[in-house]
2 protein chains.
Amino acid sequence: MGMTNEGERPPGPTGAAFLLAQLGAHAAELFAERLAELDLTPPQGGLLRLLADSPGRSQRELADDLGMPPSRFVAFADELEERGLIERRRNPVDRRLYAVHLTDEGGKLLAGLRKVGADHERRMTDGLSEQERDQLTGLLRRLADRQGLSPGVHPGFRLMRAERSGRGGGRRKG
Amino acid sequence: MGMTNEGERPPGPTGAAFLLAQLGAHAAELFAERLAELDLTPPQGGLLRLLADSPGRSQRELADDLGMPPSRFVAFADELEERGLIERRRNPVDRRLYAVHLTDEGGKLLAGLRKVGADHERRMTDGLSEQERDQLTGLLRRLADRQGLSPGVHPGFRLMRAERSGRGGGRRKG
DNA sequence: TATTGTTATACTCTATAACTATA
DNA sequence: TATAGTTATAGAGTATAACAATA
């Protein structure tokens, strides 16, 4: 009989689902902190990766992939374009569409982002042997598959603040 | 040598860290949906559990545990008190403090919440054998430990919308 | 008429700081 | 003076809908 603890243990947060939520939030937070060193938010990093994989798509398609309304994508893309990381090119065939591309500088930043990602991966699985890490990854992949999660699509970007900013309000001092 | 895929694979989101973030967000979302059936948000459920474990603490302490400012805790507790789930009792020794307690009805709802939690646990680990589930839980617990995550403390409540509501604005129809 | 991209607007959420009462 | 609880306000974020250009 397995050493499970359903019903014998303090019924609180002790199961795999809770640990997944806790570790997932921690991983996302830590990754966001590392990304901030490159002046990127997770959705911004997501777009760069998306553009590297399939360049030239329309804003609407990209907005859909990132899970944000097209209206929001505009300002989102504006900022990255002003920073010289992405580029809008008119589609000569259908002049309503923009084809969004990564610039050279955007490509460079993407390389840095990938380094950060690899480093993050190491830190998150710290303390596990190589075999255990493979074991974990395999189990997680099976769960993700079973839950119908598309590989590579946003880890909850919708729930994170899209833009970096100082929070909140406050009464004026006078 | 392990079948790891660092550097050989499309460098994108394929590692354990990404899967953790993805599955964690999914677990949190799914759990929130189930909680909504009880008209509870995750932070509200968190408070009920907290009160069951250690009743009678002050609002400030509870707010700290939930990771919210005391000012926000007021309205948060108001709603649960109006619904008859929690109760504020004056501390006769230090009349500045409230001692927050679960009511009988709050206790009943907590029982329902635990059922939902157990069910959620089963759904999230669906497709794994009992042995694999134990294996996974063990690995996750070690990671959580190594990352310094306190057992049982909020899985990212801060990043979730605290109150249920229809989103956003929109121009008025006229 | 339908669709892409864009702007305008209204609305929610929430953090900060002032405030009240107790100590 | 300091602390628990509360209220008031400001401001960010963002979804919805109107709008303009093109098909």
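First, a word on scope: everything that follows refers to the structure included in this document. (Residues numbered from 1 in each chain as written. Chains lettered and ligands numbered in written order. Predicted model: local features only at pLDDT ≥ 70, side-chain atom pairs only at ≥ 80, totals over all residues. Heavy atoms only, no water.)

Our focus in this paragraph is the side chain of A:H101. Mapped onto the fold, A:H101 is located in strand β2 (residues 98-102). Ignoring sequence-local partners within four residues, the contact set of A:H101 consists of A:L51, A:P55, A:G56, A:L85, A:I86, A:E87 and A:R89. (Helix = DSSP H or I, 4+ residues; strand = E, 2+ residues; numbered from the N terminus. Contact = heavy atoms within 4.5 Å.)

The next subject is helix α6 (residues 130-146) of chain A. Given a rise of 1.5 Å per residue, 17 residues ought to cover 24 Å, and the 24 Å separating the end C-alpha atoms of α6(A) matches this to within 8%. Turning to α6(A), its buried residues are A:R133, A:L136, A:T137, A:L139, A:L140, A:L143 and A:A144. The buried side chains of α6(A) occupy one side of the element, clustering within an arc of 165° when seen end-on. When the buried face of α6(A) is taken as reference, the exposed residues oriented beyond 90 degrees from it are A:Q131, A:D145 and A:R146. Where α6(A) is buried, its residues meet α1 (16-36) of chain A together with α1 (16-36), α5 (104-124) and α6 (130-146) of chain B. Note on α6(A): the residue one or two positions beyond its end, A:G148, has a positive phi of about 75°. (Expected span 1.5 Å × (residues − 1). Buried < 20%, exposed > 50% of the residue type's maximum accessible area, 1.4 Å probe, protein only. Arc of directions from axis to C-beta.)

So, about the packing of aromatic side chains. Tallied over the entire structure, the rule returns two aromatic pairs over all chains. Summarising the aromatic geometry, the rings of A:F73 and A:F76 are spaced 5.9 Å apart at their centres and angled 55° between planes, so their arrangement reads as tilted. One end of the pair, A:F73, and the other, A:F76, are both in helix α4 (residues 70-82), three residues apart, so they sit about a helical turn from each other. Exposure remark for A:F73: the relative accessible area of 0% places this residue in the buried category. Across from the ring centre of A:Y98, 4.2 Å away, lies the NZ or CZ of A:R90, which sits over that ring. The ring of B:Y98 is capped by B:R88, whose NZ or CZ atom sits 5.9 Å from the centre of that ring. (Phe/Tyr/Trp six-rings, centres within 6.5 Å; stacked < 30°, edge-to-face > 60°. Lys NZ or Arg CZ within 6 Å of the ring centre and 35° of its normal.)

None of this, on its own, says anything about what the molecule does.
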